[in-house]
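Residues per chain are reported as follows:
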Amino acid sequence: MSEPVANEPVASEPAVAAQPLPEPAPAPEPAPAAAPTPAPSAPSTDGRLNHAAWLELFPSLGLGGITRNIGAHCLVEHDDGTHLKLRLDPAQSAMMAEVHQERIRKALAGQGVERVLEISVAPLPEGLETPHSRRIRLLGERHVRAVEALRADPHIQSMEQQLGARLIEESVNSFEPDDF
């Protein structure tokens, strides 16, 4: 029988010496959640558009571009069934024009909300979400869930322990649908 070559392992000996695995590192504390946003009031049952109904309705309006951006930064200030008043965040008012107000009015009418529409520019009250801020919050929550799922994955944990890999949380994307 020939002698093994110096760089080749002998068949009866393990190629790599078994070493005990280090103790798993404790899971990192989840990032502190943003202050909870108060739940908007329930959708109106009298046909008037309230803030909760606006948040639910907005994604289905089919708006695009600047018009969508303007609408996404609005809150329902008042709806009496004939006149609807939206309040626009002043930080988004530079591109406000009559054409965008008309497009929003037509999109609402296409969803059965036919109103005389007024959009005023004024500071938004604390604690109420615009469709835009709601989307940002939901995207953040989806990201946290995706990171938590990866952190709990035994394959990821194994790579971190055995190979010294690390999860770059900023690179994690969620595959949950974005309904915005």
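Residues numbered from 1 in each chain as written. Predicted model: local features only at pLDDT ≥ 70, side-chain atom pairs only at ≥ 80, totals over all residues. Heavy atoms only, no water.

### Regarding the packing of helix α4 (residues 131–152) against helix α5 (residues 154–163)
- Packing of α4 against α5 brings their axes to within 5 Å, and their N-to-C directions diverge by 65°. In terms of axis orientation, α4 runs roughly perpendicular to α5. Each of L150, R151 and A152 in α4 lies in contact with α5, whose residues at this interface are P154, I156, Q157 and E160.
- Here the contact of α4 with α5 is composed, by residue class, of 4 nonpolar, 1 polar and 2 charged. (Axes fitted to C-alpha atoms, helices over the stretch in contact; angles between N-to-C directions. Helix = DSSP H or I, 4+ residues; strand = E, 2+ residues; numbered from the N terminus. Parallel < 35°, antiparallel > 145°, perpendicular 65-115°, else oblique. Contact = heavy atoms within 4.5 Å. Nonpolar A, V, L, I, M, F, W, Y, C, P; charged D, E, K, R; others polar.)

### With respect to the environment of V121
- Among the secondary structure elements, V121 is positioned in strand β3 (residues 116–121).
- Classification of V121 as partly exposed rests on a relative accessible area of 44%.
- When residues no more than four places from it in sequence are discounted, the contact partners of V121 are L88, P90 and S93. (Buried < 20%, exposed > 50% of the residue type's maximum accessible area, 1.4 Å probe, protein only.)

### Notes on the nonpolar core
- L49, W54, L61, L86, I104 and L108 are the most contacted members of the largest nonpolar core, which has 20 residues in total.
- Contributions of two or more residues to this core are made by α1 (51–57), α2 (65–72), β1 (74–79), β2 (83–88), α3 (98–110) and β3.
- Among all residues touching L86, those that are not within four sequence positions of it are W54, C74, L75, V76, E77, I104, L117, E118, I119 and S120. (Core = buried A, V, L, I, M, F, W, Y, C linked by side-chain atoms within 4.5 Å.)

### Examining α5
- The distance from a side-chain oxygen at the start of α5 to the backbone nitrogen of H155 is 2.6 Å, and the residue carrying that oxygen is D153.
- Directly after α5, the chain includes G164, whose backbone phi takes a positive value near 75°. (Polar contact = N/O pair within 3.5 Å; in protein donor to acceptor, adjacent residues only side chain to side chain.)

### Concerning the pairing of β3
- Two elements, β2 and β3, share 6 bridges in a ladder whose sense is parallel. If you follow L88 over to β3, its bridge partner there is V121.
- This β-α-β element, β2 to α3 to β3, shows right-handed connectivity. (Pairing = 2+ DSSP bridges. Right-handed = clockwise from strand over helix to strand, strands pointing away.)

### Digging into the pairing of β1
- In the sheet, β1 pairs with β2 via 5 bridges, with the strands oriented antiparallel. Within the sheet, the bridge partner assigned to L75 lies in β2 and is R87.

### Concerning the packing of α2 against α3
- α3 packs onto α2 with a crossing angle of 75° between their chain directions and a minimal axis gap of 9 Å. Compared by their axis directions, α2 and α3 come out roughly perpendicular. Contacts between α2 and α3 involve I66, T67, I70 and G71 from the former and H100, R103 and I104 from the latter.
- Of the residues contributing to the contact of α2 with α3, the split by class is 3 nonpolar, 3 polar and 1 charged.

By themselves, these observations are geometric and do not establish any function.
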